[in-house]
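# Structural overview
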Amino acid sequence: MNPKNFVSIKKKYYEWRFWNNVYREMLKHIKIFGDKSNQQLTPYINKPGIALSFDDSYRIKDWTKYGKDIFGYYDVKVTFNINAIHHFEGKREHSQNEIDLLLDLQGHGHEIAHHSLTHKKATEYSNQFGINKWIEDEIISLFQWMGKQTHSKTGEGFKKPVTFAFPHFLYNSENIQKLIPKYFKIARGYHDKDNLTAFNHQGFAPSICLDGYYSCNLKYVEKMIKKAKEASKNLIITCHSILPKEVDWDDFGWGEESNKSGTWRTTPETIQFIIDVAKKFNMEFYTTAELAGIATFIDENFEMAVREQITNPKAKWIPISELIEITELDLSNRNIANLDGIQYFLNLESLNLANNQIKNFRLLEKLPKLSNLNIENNSIQTNKKIV
């Protein structure tokens, strides 16, 4: 046998064995409660979905070039887990251009989540310097860094992260307890039991990784998505770079130290396959924050107005479940410029947006019951009925 063919067969065998084991372990723990075909499914509440999660923000140009068009505008929403630095190029901080690209993705409905300041391994750093030092250096410092950044053209900043992804998938129970719920509602890790996440989840959340050592077996990925649907839960899928097969990692010029990182990559075709499978099973796409049941807003004035509508206006996080119940909303004269967050008001029938600074009304298309709308004295008009 040709040695190259033998290596290829061996690789495929180990890939199959790995994914088969992950799937079989999932089946041991999964619980499916009867036929739910007649149940009314509501996004964010009980309609199962996929949360695509991408790590390491030095890959931002790939995410934008190969992912932005696939994901669309508040359609396939995903989570991008960021650091403050470029892993290579001297461990420099992100440039203004990279920050703008990240904020552009946020402006398309994606979550920009916390992945630690400099991508240190949580367990190693905590063991060496103490867990409080890890919190100070890697967690609080990234909150502070994100709070200082703004888009060079829009002036918009990052939302305060609701969720965290452990670098290198390394963590222990002490790390998780230190983070939840003081700093985050979800801390995302690696495979665990059924690999599924319930709605309104708090604490550790597992994920399956598409681009690890054993590559990706789409047959088993589809099986896992189907099981998530049957269990009425959500599947978090972790990736890193989005790159076509023909792109040569060496062309980035980051040297030998980056070679291992270059193997953590997923093709646009694989991402599209997952999107198509999820749509086939009538599943939603959520950010990790949405699995936590948390609504977030780009516009601080909008958030302040929304807090007046909820049970506990001073709560750390705004629950999506409360917003879904609201049918009438008066947001006039609140100096609102961005409607991000309005998509959670799924039962909204009447909305007054008069006398604000809003330029983009596209998100109103996400409100199926909206019939009465006032948008007088804003920057542009829309085709929606004005009453």
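Preceding this paragraph is the structure being described.
What comes next is a walk through the structure.

Using the criterion set out here, one finds 29 aromatic pairs in the structure. With a centroid separation of 5.0 Å and 35° between ring planes, the pair formed by Phe166 and Tyr171 is classed as tilted. Sitting above the plane of the Tyr73 ring, Arg362 keeps its charged end 3.7 Å from the centroid.

What follows deals with empty space enclosed by the protein. By the definition in use, this model includes one cavity of 30 Å³ or more. In this model, the largest cavity occupies a volume close to 150 Å³. In terms of lining, the largest cavity is formed by 18 residues, of which the most central are His110, Glu111, Ile112, Lys159 and Thr296. Grouping the amino acids of the lining of the largest cavity by side-chain chemistry returns six nonpolar, six polar and six charged.

For the pair helix α2 (residues 60–71) and helix α3 (residues 96–106), the least separation of the axes is 9 Å and the interaxial angle reads 40°. Classified by the angle between their axes, α2 and α3 sit oblique to one another. Two packed elements cross with a definite hand, and for α2 against α3 that hand is left-handed. Along its contact with α2, which presents Ile60, Lys61, Trp63, Thr64 and Lys68, the element α3 presents Asn97, Glu98, Leu101, Leu102, Asp104 and Leu105. Counted by class, the contact of α2 with α3 contains five nonpolar, two polar and four charged residues.

Moving on, we get to a positive patch on the surface. Together, Lys160, Lys178, Lys182 and Lys316 line one region of the surface with positive charge. Its place among the elements puts Lys160 in the loop between α5 (131–148) and β4 (163–165).

An ideal rise of 1.5 Å per residue puts 20 Å on 14 residues; helix α7 (residues 218–231) measures up with 20 Å between its terminal C-alpha atoms. Buried within α7 are the following residues: Tyr220, Val221, Met224, Ile225, Lys227, Ala228 and Ala231. Taken end-on, α7 shows its buried residues confined to a sector of 160°, consistent with a single buried face. Capping the start of α7, Asn217 holds a side-chain oxygen 3.1 Å from the backbone nitrogen of Lys219, two or three residues further along. In the segment just after α7, Ser232 is the residue with positive phi, at about 60°.

The rules we used
Numbering of residues starts from 1 in every chain and runs along the sequence as written. Under the rules for a predicted model, residues below a pLDDT of 70 receive no local features and side-chain atom pairs below 80 are neither given nor counted, while totals for whole chains, interfaces and linings still include all residues. Where side-chain values are given, they derive from all heavy atoms of the structure, hydrogens and water being excluded. The rule is short: rings of Phe, Tyr and Trp, with Trp giving its six-membered ring, pair when the centres are within 6.5 Å, and they are stacked under 30 degrees, edge-to-face over 60, tilted in between. Working rule: Lys NZ or Arg CZ, within 6 Å of ring centre, within 35 degrees of ring normal, means a charge sits over the ring. Method remark: on a 1 Å grid restricted to protein atoms, a set of points is classed as a cavity if a 1.4 Å probe fits but cannot get out and as a pocket if it is open with protein on both sides within 12 Å along at least five of seven lines; lining residues have an atom within 4 Å of a point. Grid points are joined across faces, edges and corners, and a volume is the space filled by probe spheres set on the points. Ten residues, namely Ala, Val, Leu, Ile, Met, Phe, Trp, Tyr, Cys and Pro, are considered nonpolar, four, namely Asp, Glu, Lys and Arg, are considered charged, and the remaining ones, Gly among them, are considered polar. In this analysis, axes come from line fits to C-alpha atoms, helices being fitted only over the stretch in contact, and the angle between any two N-to-C directions falls in the range 0 to 180 degrees. Secondary structure follows DSSP: runs of H or I at least 4 residues long count as helices, runs of E at least 2 residues long count as strands, and numbering of each begins at the N terminus. When describing relative orientation, an angle under 35 degrees is termed roughly parallel and one over 145 degrees roughly antiparallel, while 65 to 115 degrees is termed roughly perpendicular and anything else oblique. For a crossing to be left-handed, the near helix must be turned anticlockwise from the far one by less than a right angle; the clockwise case is right-handed. Contacts: residue pairs with any heavy atoms within 4.5 Å of one another. Each patch is assembled from residues with relative accessible area greater than 30% and no salt bridge, linking like charges that lie within 9 Å and nonpolar side chains (Val, Leu, Ile, Met, Phe, Trp, Tyr) that lie within 5 Å. Residue exposure ignores everything except the shown protein chains as possible cover, and the areas themselves are Shrake-Rupley values with a 1.4 Å probe. Here a salt bridge means any side-chain nitrogen of Lys or Arg lying within 4 Å of a carboxyl oxygen belonging to Asp or Glu. This count recognises Lys and Arg as positive and Asp and Glu as negative, with His and chain-terminal groups excluded. Every charge is mapped to an atom, namely NZ of Lys, CZ of Arg, CG of Asp or CD of Glu. One less than the residue count of a helix, multiplied by 1.5 Å, gives the span that helix is expected to have. Relative accessibility decides the category of a residue: with a 1.4 Å probe and only protein chains considered, values under 20% of the type maximum give buried, values over 50% give exposed, and everything between is partly exposed. The arc in question is traced by the directions running from the helix axis to the C-beta atoms. What qualifies as a polar contact is a pair of N or O atoms within 3.5 Å, subject to a donor-acceptor requirement within protein and to the restriction that residues adjacent in sequence count only when both atoms come from side chains.

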